[in-house]
Amino acid sequence: MYWDERNECIGPEDLARLQFARLRETVRRAARSPFYRAKGLGEIEVRDLSDVRKLPFTTKDDLREAYPFGMLSCPLDDVVRLHSSSGTTGTPTVVYHSKKDIDRWTDLVARCLYMIGVRKGDVFQNMIGYGLFTGGLGLHYGAERLGCLTIPTGPGNTKRQLKFMKDFGVSVIHVIPSYALHLADEVEKLGIDPRREFPSFKYALLGAEPHTEETRRKVEEFFGIQAYNSYGLSEMNGPGVAFECPEKNGMHIWEDAFLVEVVDPVTLEPVAPGMQGELVITTLEREAMPILRYRTKDLTTLSDEPCPCGRTHRRISRIAGRSDDMIILKGVNIFPMQIEAVLIGIPGVGRNYQVILESRGHNDHITVKVEIDAHLSIDDYRSLEELRKRIVRELRDEILVTPEVVLTEPGGIPVAQGKAVRVVDNRTT
Ligand code: ADP
Ligand code: ZN
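Conventions adopted
- Residues numbered from 1 in each chain as written.
- Chains lettered and ligands numbered in written order.
- Predicted model: local features only at pLDDT ≥ 70, side-chain atom pairs only at ≥ 80, totals over all residues.
- Heavy atoms only, no water.
- Domains from an automatic or database assignment.
- Contact = heavy atoms within 4.5 Å.
- Buried area = accessible area lost by both parts, 1.4 Å probe.
- Donors = N, O, S within 2.8 Å, 3.2 Å for Na, K, Ca; no water.
- Tetrahedral: all angles 85-135°; square planar, octahedral: opposite > 155°, others 65-115°.
- Helix = DSSP H or I, 4+ residues; strand = E, 2+ residues; numbered from the N terminus.
- Core = buried A, V, L, I, M, F, W, Y, C linked by side-chain atoms within 4.5 Å.
- Buried < 20%, exposed > 50% of the residue type's maximum accessible area, 1.4 Å probe, protein only.
- Pairing = 2+ DSSP bridges.
- Axes fitted to C-alpha atoms, helices over the stretch in contact; angles between N-to-C directions.
- Left-handed = near helix turned anticlockwise from the far one by under 90°.
- Nonpolar A, V, L, I, M, F, W, Y, C, P; charged D, E, K, R; others polar.
- Right-handed = clockwise from strand over helix to strand, strands pointing away.
- Parallel < 35°, antiparallel > 145°, perpendicular 65-115°, else oblique.

Moving on, we get to the domain arrangement of the protein chain. Each assigned domain of the protein chain is listed with its residue range as follows: domain 1 (1–322) and domain 2 (327–425). Relative to domain 2, the C-alpha centre of domain 1 lies at a distance of 30 Å. With 25 residues of domain 1 at the interface, the matching set in domain 2 holds 16 residues. When domain 1 packs against domain 2, the two sides together hide about 1,700 Å² of surface, and 57% of this comes from carbon and sulfur.

Attention now goes to the coordination of the zinc ion (ligand 2). Looking at the zinc ion (ligand 2), one finds its protein donor set to be Cys 245 (SG), His 252 (NE2), Cys 307 (SG) and Cys 309 (SG), positioned 2.1 to 2.3 Å from the metal centre. Because the angles between the four donor atoms bound to the zinc ion (ligand 2) fall within 103 to 117 degrees, the donor set is best described as tetrahedral. Look at where the donors of the zinc ion (ligand 2) fall in the sequence and you get C-x6-H-x54-C-x1-C. Of this pair, His 252 sits in strand S9 (residues 251–253) while Cys 309 sits in the loop between strand S13 (302–303) and strand S14 (315–316), and the two are 57 residues apart along the sequence.

Looking now at the nonpolar core. With 66 residues, the main nonpolar core has Leu 113, Tyr 231, Ile 253 and Ile 316 as its most contacted residues. If near-sequence neighbours (up to four positions away) are discounted, Tyr 231 is found in contact with Gly 238, Pro 239, Gly 240, Val 241, Ala 242, Met 251, Leu 279, Thr 296, Asp 298, Ile 316 and Ile 319. Counting 26 residues, the second largest nonpolar core, distinct from the first, contains Phe 133, Ile 176, Phe 201 and Leu 206.

Another aspect to go through is the sheet that holds strand S19 (residues 363–372). Pairing is mixed in the open sheet, where four strands are placed in the order S20-S19-S18-S21. Each having just a single partner strand, strand S20 (404–408) and strand S21 (423–425) make up the two edges of the open sheet. Put simply, the sheet's adjacent strands are angled 20 degrees from each other on average, direction ignored. Bridge count between strand S18 (residues 349–360) and S19: nine bridges; the pairing is antiparallel. Each residue of the ladder has a partner; that of Val 349, found in S19, is Ile 372.

All right, on to the packing of helix H8 (residues 177–190) against helix H10 (residues 213–223) then. Axis separation between H8 and H10 bottoms out at 10 Å; the angle between their running directions is 35 degrees. For the pair H8 and H10, the crossing hand works out as left-handed. Mapping the contact onto sequence places Pro 177, Ala 180, Leu 181, Leu 183, Ala 184, Val 187 and Glu 188 in H8 and Thr 215, Lys 218, Val 219, Phe 222 and Phe 223 in H10. Of the residues that constitute the contact of H8 with H10, the class distribution is nine nonpolar, one polar and two charged.

The two faces of the sheet receive side chains in turn, since in a regular strand these alternate between them. Judged by which residues are buried, strand S3 (residues 123–126) turns out to be covered on both faces: Val 123 and Gln 125 on one side and Phe 124 and Asn 126 on the other are all buried. Across three bridges, the pairing between S3 and strand S4 (residues 149–151) is parallel. Directly across from Phe 124, in S4, lies its bridge partner Thr 150. The parallel pair S3 and S4, bridged by helix H6 (residues 134–146), forms a crossover whose chirality is right-handed. Strand direction decides the pairing type here: S3 and strand S5 (residues 172–175), joined by three bridges, are parallel. The residue of S5 that forms the bridge with Gln 125 is Ile 173.

Where helix H7 (residues 158–167) contacts H8, the two axes come as close as 10 Å, and the packing angle between them is 80 degrees. Considered as vectors, H7 and H8 are oriented roughly perpendicular to each other. The segment H7 lies against H8, with Thr 158, Lys 159, Gln 161, Leu 162 and Met 165 engaging Tyr 179, His 182, Leu 183, Glu 186, Val 187 and Leu 190. Grouping the amino acids of the contact of H7 with H8 by side-chain chemistry returns six nonpolar, three polar and two charged.

Now the structure itself:
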């Protein structure tokens with residue numbers, strides 16, 4: 001039932017002891033890097049776990065500043081891999097791994113896969129980008145470690161994806177949720193019954209971008225499978241940081257490898273237990289590039305309710321959004337996920353949407369482009385107008401601003417190769 005029972009079901013005292021030992025080691029290692037040495041890390045003594053709060057926070061900007069080698073904590077000779085975050089602007093941020101780092105990462109990913117029932121004999125198709133992006137190689141290594149036949153298709157070329165799924169009896173896919181919906185669209189367009197076409201298909205891992213419970217349900221119902229939420233970020237390896245167990249009630253965050261805090265993103269003080277805040281993570285096992293108190297910008301809550309699956313690691317809730325994805329419009333704070341949650345509940349709405357922000361005169365203007373369901377006729381003006389008005393009304397009730405809503409045909413909004421671009425901000429100020 002467990003990949004690594006000793007660690008997955010570790011008791012609270014043993015976990016605290018392990019974390020403390022690893023935190024001390026991490027701080028000692030990090031102090032070797034030029035970046036943390038300059039922050040005076042050498043002088044900080046960690047006497048117990050709560051001393052993590054004496055340590056400096058680390059941000060994405062810090063990583064940029066430390067580019068290319070400022071965070072290196074071991075001889076360059078010992079580095080065997082480099083990854084970069086998918087951010088497209090400015091200096092990239094890079095993360096380097098030693099051989100042991102890759103081994104530990106692989107093991108965490110294998111742990112996640114095993115947890116949901118993936119075993120040797122499963123055929124795993126990885127529809128997420130390879131290269132610098134961590135979702136490709138990260139999952140690939142984990143699946144191979146379990147002994148799965150692992151097919152590195154990467155994203156795109158939907159027809160070939162579907163052909164491989166059928167011809168090789170694929171049972172597990174790893175996919176970005178927006179692309180999973182696109183895949184469903186394609187299957188629908190081809191007029192095939194997904195349950196007949198892909199009889200071996202069992203699990204989808206939905207990772208790399210925020211998505212709603214409804215999106216999960218749509219994927220599950222369409223293909224007749226189980227879908228699991230997979231969370232990670234390059235700075236913390238990539239996938240394998242937190243993952244849903246079969247209970248699907250939050251993602252276990254692996255506390256033997258990561259020390260977790262949830263803080264108020266403004267005051268940086270810990271939030272009250274169970275309250276939403278920014279997830280802050282310290283690596284506990286990383287050799288080549290330990291990172292202290294990394295501000296993920298991801299908003300979540302942490303639960304210490306015991307989980308019926310028997311794993312003792314706490315669970316984070318579905319990510320509500322990134323604090324820097326928040327749209328501030330006419331003084332109102334809006335997360336793209338709020339828009340998605342409204343749209344997905346309206347019959348007649350298709351599988352893709354995009355939010356466009358513009359300045360008109362001195363005012364901000366929000367347009368929500370929405371694909372209609374393939375079953376709706378583009379010529380039935382009256383139904384379309386009713387649908388459009390309903391979307392406007394329901395969105396206004398949720399986001400408190402009246403958006404312009406533009407309906408488009410299925411496929412009218414381009415599908416991104418990687419993470420979906422939900423918000424296009426063309427505002428001039
Ligand atoms: P970038 O920060 O440039 O997007 P990464 O590829 O490292 O680079 O992406 C990590 C980020 O992706 C996370 O911080 C989070 O915002 C988002 N993410 C990853 N997995 C999930 C998930 N399951 N749910 C919501 N957001 C996720
Ligand atoms: Zn569980």
